[in-house]
Amino acid sequence: MNVSKKRTSTLKTNQDINYKDIDLLRKFISRQGKILPRRLTGLDSKQQKLISKAIKRARILSLLPFVNRDN
């Protein structure tokens, strides 16, 4: 009996996703620095693509690290 729990997104439907909003982007990155998949975040495909692009832009501009070496 495997009952899966529907994950709800932390984003609003019309919320802007900006690469400068580091606090928002950190919610979608694992402890190792990887981008979390849709099944864990509860985002739809359009939001996930926007989050991924924003995280990648923030990494290129050195706002976010590529790898978290604190472990």
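Please read all numbers here as calculations on a predicted model, not as lab measurements. (Residues numbered from 1 in each chain as written. Predicted model: local features only at pLDDT ≥ 70, side-chain atom pairs only at ≥ 80, totals over all residues. Heavy atoms only, no water.)

So, on to the side chain of Gln47. Position of Gln47 among the secondary structure elements: in helix α3 (residues 45-60). By relative accessible area, which is 12% here, Gln47 ends up buried. Those residues within four positions of Gln47 in sequence are excluded, and the remaining contacts are Ser9, Leu11, Lys12, Thr13 and Ile17. (Helix = DSSP H or I, 4+ residues; strand = E, 2+ residues; numbered from the N terminus. Buried < 20%, exposed > 50% of the residue type's maximum accessible area, 1.4 Å probe, protein only. Contact = heavy atoms within 4.5 Å.)

Turning next to α3. Its 16 residues place the ends of α3 23 Å apart at the C-alpha level, agreeing with the 22 Å of an ideal helix rising 1.5 Å per residue. Taken together, the buried positions of α3 are occupied by Gln47, Gln48, Ile51, Ser52, Ala54, Ile55, Ala58 and Arg59. The buried residues of α3 occupy an angular sector of 165° when the element is viewed end-on, so they sit on one face. Of the residues in α3, the exposed ones pointing more than 90 degrees away from the buried face are Lys46, Lys49, Lys53 and Ile60. Those residues of α3 that are buried lie in contact with α1 (22-26) and α2 (38-41). (Expected span 1.5 Å × (residues − 1). Arc of directions from axis to C-beta.)

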